[in-house]
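Residue-level structure breakdown
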Amino acid sequence: MNDFLIKQYINNLTYGDINNFANANGVTLNNDETEVIYNNIKNNWRTIIYGNPRGILDDLKEELEPNTYNKVEELYVSFKDRFQNFL
């Protein structure tokens, strides 16, 4: 059931959603960063949620500004810890 709901949410995800979430967490993304994050979420969400995202994070580290990457990693760890019991 969780997988279905998450998939539906991901299917409806927009660039605006990415930017709104980033802004709400003190991050300003440029268009390239928004696209990189959006594409990684759309294409790799199962690994990000259920698997080992180290490879994805390593790729992001090369494509994002250092401050942006650090915040992405910090938010990932925070949300993964917070919602682990629901997955």
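The structure we're discussing is the one just above.
Figured I'd write up the structure that's included with this text. (Residues numbered from 1 in each chain as written. Predicted model: local features only at pLDDT ≥ 70, side-chain atom pairs only at ≥ 80, totals over all residues. Heavy atoms only, no water.)

**A look at the overall build of the protein**
Condition: Only DSSP runs of H or I with at least four residues qualify as helices, and only runs of E with at least two residues qualify as strands; both kinds are numbered from the N terminus onward. Each radius of gyration is computed over the set of C-alpha atoms, and the globule rule expresses the reference value as 2.2 Å times the number of residues to the power 0.38. Categorising residues by exposure relies on relative accessible area from a 1.4 Å probe, with only protein chains included: less than 20% of the type maximum marks a residue as buried, more than 50% marks it as exposed, and the intermediate range marks it as partly exposed. Two residues qualify as a contact provided that any one of their heavy atoms is within 4.5 Å of a heavy atom in the partner residue. All accessible-area figures derive from a Shrake-Rupley calculation using a 1.4 Å probe, and residue coverage is judged against the displayed protein chains alone. Here Asp and Glu are counted as negative and Lys and Arg as positive; His is not counted, and neither are the chain ends. Working definition for charges: the position is that of NZ of Lys, CZ of Arg, CG of Asp or CD of Glu.
Tallying secondary structure elements over the protein gives five helices and zero strands in all. Its C-alpha atoms give the protein a radius of gyration of 13 Å, near enough to 12 Å, the size a compact globule of 87 residues would have. The C-alpha extent of the protein, read off along each of the three principal axes, is 35 × 25 × 20 Å. Out of the 87 residues belonging to the protein, those deemed buried represent 30%. Residue pairs in contact within the protein that sit at least 24 positions apart in sequence constitute 58% of those at least 6 positions apart. When the accessible surface of the protein is summed, it comes to about 6,000 Å², and 49% of that surface belongs to carbon and sulfur atoms. Treating the 8 positive side-chain charges of the protein as one cloud and the 13 negative ones as another, the clouds have centres 9 Å apart.

**With respect to the layout of surface pockets**
One way to see where empty space is left: roll a probe the size of a water molecule over the atoms. Applied cut-off: Here a cavity denotes grid points, spaced 1 Å and computed from the protein atoms alone, that fit a 1.4 Å probe unable to get out, and a pocket denotes an open set having protein on both sides within 12 Å along at least 5 of 7 lines; residues with an atom within 4 Å of a point are the lining. Grid points are joined across faces, edges and corners, and a volume is the space filled by probe spheres set on the points. For this classification, the nonpolar set comprises Ala, Val, Leu, Ile, Met, Phe, Trp, Tyr, Cys and Pro, the charged set comprises Asp, Glu, Lys and Arg, and every other residue, Gly included, is treated as polar.
Put simply, the largest pocket is a space of about 1,100 Å³. In this structure, the largest pocket is lined by 29 residues; those nearest its centre are F21, I41, I48, Y76 and F79. Partitioning the lining of the largest pocket into residue classes produces 25 nonpolar, two polar and two charged.

**Some points on the nonpolar core**
For clarity, the cut-off: Buried Ala, Val, Leu, Ile, Met, Phe, Trp, Tyr and Cys residues form a nonpolar core when they are joined through side-chain atoms within 4.5 Å.
Among the nonpolar cores identified, the biggest contains 15 residues, and I18, L29, I37, L57, L60, L64 and Y69 are the most heavily contacted of them. Of all the elements, helix α3 (residues 31–50) adds the most residues to this core, at four residues. Setting aside its immediate chain neighbours within four residues, I18 contacts L13, L29, T34, I37, Y38 and I41.

**Notes on the packing of helix α1 (residues 2–11) against α3**
Selection criterion: Comment: axis = line fitted to C-alpha atoms, over the contacting stretch for helices; angle = value between 0 and 180 degrees taken between N-to-C directions. An angle counts as roughly parallel when it lies under 35 degrees, as roughly antiparallel when it exceeds 145, as roughly perpendicular when it falls between 65 and 115, and as oblique in every other case. Less than a right angle of anticlockwise turn of the near helix away from the far helix marks a crossing as left-handed, whereas a clockwise turn marks it as right-handed.
Look at α1 against α3: their axes get within 10 Å of each other, and the N-to-C directions meet at 150°. Considered as vectors, α1 and α3 are oriented roughly antiparallel to each other. Viewed along their axes, α1 and α3 form a crossing whose handedness is right-handed. Contacts between α1 and α3 pair N2, D3, I6, K7, I10 and N11 from the former with I41, K42, W45, R46, I49 and Y50 from the latter. Across the contact of α1 with α3, the residue classes break down as six nonpolar, two polar and four charged.

**Digging into the environment of V72**
Tracing the sequence through the fold places V72 in helix α5 (residues 66–83). Taking the C-alpha atoms as reference, V72 lies 15 Å from N52; in sequence the two are 20 residues apart. Apart from residues lying up to four places away in sequence, V72 is in contact with I37, L60 and L64.

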